[in-house]
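Remarks on the overall topology
Listed here are the chains, written in short residue letters.
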Amino acid sequence: MTTATITGSMLIGSTALRGGDGDLYAVDPATGERLDPAFGGGGAAEVERACALAGQAFDAYRETGLEQRAAFLEAIAQNILDIGDALIQRAMAESGLPRARLEGERGRTVGQLRLFAQTVREGSWLDARIDPAQPERSPLPRADLRQRQIPLGPVAVFGASNFPLAFSVAGGDTASALAAGCPVVVKAHSAHPGTSELVGRAVQAAVASCGLPEGVFSLLFGAGSRIGTALVADPRIKAVGFTGSRRGGVALMRVAADRPEPIPVYAEMSSINPVFLMPAALAARADALGRAFVASLTMGAGQFCTNPGLLLAVDGPDLDRFLASAAEALDGSAALTMLTPGIHAAYDEGVAALTGNASVETLARGTACSGPNQARAALFATSAAAFLADPALQEEVFGSASLVVRCPDLATLRTVAERLEGQLTATLQMDADDAAAVAALLPVLERKAGRILANGWPTGVEVCHAMVHGGPFPATSDSRSTSVGTAAIKRFLRPVCYQDLPAALLPEALRDGNPLALWRRIDGALAKA
């Protein structure tokens, strides 16, 4: 039975213990008050123990049957639900996020665990391939060759600040790594340790109830970068999942690259998610677009990695109508509490930098702040020439701030698009008469972003099979991957080929008779045989 008790303990394998490397407290960002209990930070000994257990668990866990592994993921989901309202209450206190948002996030967390359970059972991620022997082939015979995907090994997962549930202890990185057959060691985010312990106990209980090795899951706490650096440097860790700042992600990438055995880091970091306001769309619905843009910008105080932080449009009366509508909507938008004092301070610094830039015009601000750690929304504008001349204008301001780039024509708009860094998303607000201009722009956007939207807004990421939540650097560290959707499992797998291995030693996925009833590629053709 899952407990709703918070003790301030780390969870290492089947044990709960208190770290001795200083006390860590959560802070209620809405009030600035410290929340009990204290959490003992982990050190080298705790990292060593967690990684040792993960390494010991790997070979047994990676060969669990598909049904057992799927049932494990479903048990985690049910255990999270069984915590009940205590989980939502604690997450609200630690994040300042409203109940409805967190209840929705809990649903997403449970939903993606169950989706990965379905994926595990279906089995196509094993990518089983068989090229039978051809002993009579001329001029040379062919050996019997069979290939499957196997898990990389234990994975280090770093909890995200802006999603205390869906991108944290049992979030997408953990779910996809466990689905692949990788033990997971989570470094909890320091902003929500109580939420992390509650969810961690749900995972720990599922490990036990499903009869899995205790090292399949551990949860560590620790302020600063020391414990995270030690975790990524440990030789038993074979991959990293991270959601956070560019500085933090790049630091982990360097640690991983400097190891005697470098490992992949799947880091989702920085994106300003450009929105292209095409001319016909602006002419037809500038006012409505302005209001809809502000609704997307200010949702959740703008604390989404897909927040629309940049807009590009051809200058003229239609853009002026859009900006007037957006400014009116922004003027009435309430200041909202941000996740942590540190995030709030960084937001204020970013807004101050734009306000103080001589080439940037302040168009509108939200209502004044009435409490601590609140974000006052901001809308700015600059010229295309100034944007192209100042790389600082591409820097992400994490929160409800956005910059409009006025372009003299569509050719300049495309030039600006060519100069953008890698992005998670690119959005096109377009009408039928914009089709030719969009067709010319699409190849640029495909090179720049992982997801291209038409006539929507980038905030909100569907957890499904086709979703891509990734993109070229600095949006992510590896543009070939996604951190959301079932394709995320591919990050933690690698291919192994078996040549002329005796039938009794072949893994089930590759045996004659297809005991797992998988779709397999036989001599290049897909077949369920």
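Residues numbered from 1 in each chain as written. Predicted model: local features only at pLDDT ≥ 70, side-chain atom pairs only at ≥ 80, totals over all residues. Heavy atoms only, no water.

Details of the sheet that holds strand β2 (residues 15-17)
Within a sheet, neighbouring strands are paired by backbone hydrogen bonds and run either parallel or antiparallel to one another. Strands sit in the order β2-β1-β9-β8-β7-β10-β11 across an open sheet of 7 strands; the sheet is mixed. Each edge of the sheet is formed by a strand with only one pairing partner; in this case those strands are β2 and β11 (265-268). On average, each strand axis in the sheet is inclined to that of its neighbour by 20 degrees, with strand direction left out of account. Where strand β1 (residues 10-12) lies against strand β9 (residues 217-220), 2 bridges are found, and the strand directions are antiparallel. By the bridge assignment, Leu-11 is partnered in β9 with Leu-219. In the packing of helix α1 (residues 44-62) onto the sheet, contacts are made with β1, β2, β8 (184-187) and β9, and the angle to β1 comes to roughly 35 degrees. Together, β7 (155-158), β8 and β10 (239-243) form the strand contacts of helix α5 (residues 172-180), whose direction differs from that of β8 by roughly 170 degrees. (Pairing = 2+ DSSP bridges. Helix = DSSP H or I, 4+ residues; strand = E, 2+ residues; numbered from the N terminus. Axes fitted to C-alpha atoms, helices over the stretch in contact; angles between N-to-C directions. Contact = heavy atoms within 4.5 Å.)

Brief notes about the UniProt feature "domain: Aldehyde dehydrogenase" (unreviewed entry) in the protein
Here, UniProt's "domain: Aldehyde dehydrogenase" (unreviewed entry) annotation points to residues 26-462. The span residues 26-462 shows a helical share of 45% and a strand share of 19%, and its end C-alpha atoms are spaced 30 Å apart. (UniProt positions renumbered as here; feature names shortened; annotations may be inferred.)

Some words on helix α11 (residues 341-355)
In this model α11 runs 21 Å from its N-terminal to its C-terminal C-alpha over 15 residues, within 8% of the 21 Å that 1.5 Å per residue would give. When we look at burial in α11, the residues that qualify are Ile-343, His-344, Tyr-347, Gly-350, Val-351 and Leu-354. Within α11, the buried residues cover an arc of 125 degrees as seen down the axis, which keeps them to one side. Looking at the buried positions of α11, the neighbouring elements they touch are β15 (361-365), β16 (374-375), β17 (378-383) and β18 (401-407). (Expected span 1.5 Å × (residues − 1). Buried < 20%, exposed > 50% of the residue type's maximum accessible area, 1.4 Å probe, protein only. Arc of directions from axis to C-beta.)

A look at the nonpolar core
The nonpolar side chains of a soluble globular protein tend to be buried, and buried together. Grouped together as the largest cluster of nonpolar side chains are 81 residues, with contacts concentrated most on Phe-72, Ile-76, Ile-80 and Leu-220. Take this core: its biggest share by element is 9 residues, from helix α2 (residues 66-83). Discounting chain neighbours no more than four positions away, the residues touching Ile-80 are Leu-87, Arg-106, Thr-109, Val-110, Leu-113, Ala-170, Val-199 and Ala-202. Core analysis: the second largest hydrophobic core is formed by 39 residues, Ile-88, Ile-272, Ile-343 and Leu-413 among them. (Core = buried A, V, L, I, M, F, W, Y, C linked by side-chain atoms within 4.5 Å.)

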